[in-house]
Amino acid sequence: VRKACVVTKALQPDHPTDFERRDDDLSIMKEDFSPVTVADFAAQAIVLNRLHIAFPEDGFIAEESSQSLREDDALASRVLFATGETTWTFDDLFSSIDLGKMYENPTLIRNKTRIWTCDPIDGTRGFLRGRLHNGQYCVALALIEDGVPVIGILGCPNLVASDDDDWEDIESTRGCIFAASLNGGCFQLPIYSDDAEPIYCNEVRASANDGIELKVSDARFCLGVENYGDPLGQQAAISSIIHGPDGLTNDGEIEKARRMDSQVKYGVLARGGAEVFLRLPKAGYVEWIWDHAAGNVVLHEAGGKVTDAEGSAVDFSHGAKVSESLYGIIATNGGVFHEQILRAYKEQKAARDDKANSSFRAKL
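Residues numbered from 1 in each chain as written. Predicted model: local features only at pLDDT ≥ 70, side-chain atom pairs only at ≥ 80, totals over all residues. Heavy atoms only, no water.

1. Some thoughts on the overall build of the chain
And step 1. Within the chain, the regular secondary structure consists of 11 helices and 14 strands.
And step 2. Here the chain, with 364 residues, has 52% of them falling under the buried criterion.
And step 3. Put simply, 69% of the contacts in the chain that link residues at least 6 apart link residues at least 24 apart.
And step 4. Accessible area for the chain stands at about 16,700 Å²; split by element, carbon and sulfur atoms hold 50% of it. (Helix = DSSP H or I, 4+ residues; strand = E, 2+ residues; numbered from the N terminus. Buried < 20%, exposed > 50% of the residue type's maximum accessible area, 1.4 Å probe, protein only. Contact = heavy atoms within 4.5 Å. Areas by Shrake-Rupley, 256 points an atom, 1.4 Å probe, with all protein chains shown as cover.)

2. What to know about the sheet that holds strand E9 (residues 202–203)
And step 1. As summarised here, the arrangement of the seven strands in space is E3-E4-E5-E6-E7-E8-E9, forming an open sheet in which the pairing is mixed. Only two strands of the sheet have a single partner each, and these edge strands are strand E3 (59–62) and E9.
And step 2. In this structure, strand E6 (residues 148–160) lies alongside strand E7 (residues 174–181), joined through seven bridges in antiparallel fashion. When the bridges of E7 are listed, Val160 appears paired with Arg174.
And step 3. In the packing of helix H2 (residues 38–54) onto the sheet, contacts are made with E3, strand E4 (114–122) and strand E5 (138–145), and the angle to E4 comes to roughly 155°.
And step 4. Packed onto the sheet, helix H10 (residues 293–301) meets E4, E5, E6, E7 and strand E8 (185–190) and runs at close to 90° relative to E6. (Pairing = 2+ DSSP bridges. Axes fitted to C-alpha atoms, helices over the stretch in contact; angles between N-to-C directions.)

3. A word on the nonpolar core
And step 1. Val47, Leu48, Ile61, Leu154, Cys156 and Tyr266 are the most contacted members of the largest nonpolar core, which totals 61 residues.
And step 2. Residue contributions to this core peak at seven residues, all from E5.
And step 3. Setting aside its immediate chain neighbours within four residues, Leu154 contacts Cys138, Val139, Ala140, Cys176, Ile177, Phe178, Gln263, Tyr266, Gly267, Ala294, Gly295 and Val298. (Core = buried A, V, L, I, M, F, W, Y, C linked by side-chain atoms within 4.5 Å.)

Rendered as structure tokens:
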């Protein structure tokens, strides 16, 4: 993960890139119109290749496929150069990337008790937003054993390294890794270090969650930069319940909030930089496991909690996606905060359903 972070950091632009373009050197568009970059391919190849050498019997589930590279020699050459692997051939590159497509063979993946899931650049839009514009992304890696995430690693190349989270200061030292193991705690390490200095390794903890040291009404929300993760505006409704009538700005934005892309949010919660992260997508959307497995371990081991919108633990045993019956992701610092957020979610949902039913009856 550290090497993938170094490679992707070198490729991240300083300023926003128009990721709607299809003909630039940084990104192409997938069929679902989400951007994928040279860095995505390079990072996935690096991580999966290293893991496969170390654990040849393990399974792998990852986001990218080599198909577009096989059809474009120029693009493949850029990716191969970016990996820094001078002895690799195109076939080495393609086969390393495609290790992550084991889930396309259900029989094969079902026979694996240990599965690594990787999102090589979680937050590609943040990556393309630019280094100097707080464009946040991470290299996310998790190990799942018998359906349970047991190791979570979030490499965050553009996140401020200090836990004061002063990311408005572009001069701040950036780059850190969150590493957690089940019942082993959560730690923050540097991505970059001076060889003359020992590498620090600090255990991190989420904010106090008993409601005494920090009141639930003071909870800080960690929001996405775009609103596609909350098309109904449910986070604002939940904030109004938690924060009270003054919780929203005149524009309807959550007052106590920070915005950033990617699973970096889980790391920010894990070290006490915020207390609430919600994903409440459109009905029918099914989450990919690589978007949450690593963050789940990181936050859990820092004392936080991750559930679906009904308060049930997220089940990662269904392959590349979670269960189709799961709706929403609610991640908090745990304790009474999680209880209150769940209660607020259900309260605003009931109010929204009542309003919809009243509108329907009025039309009859």
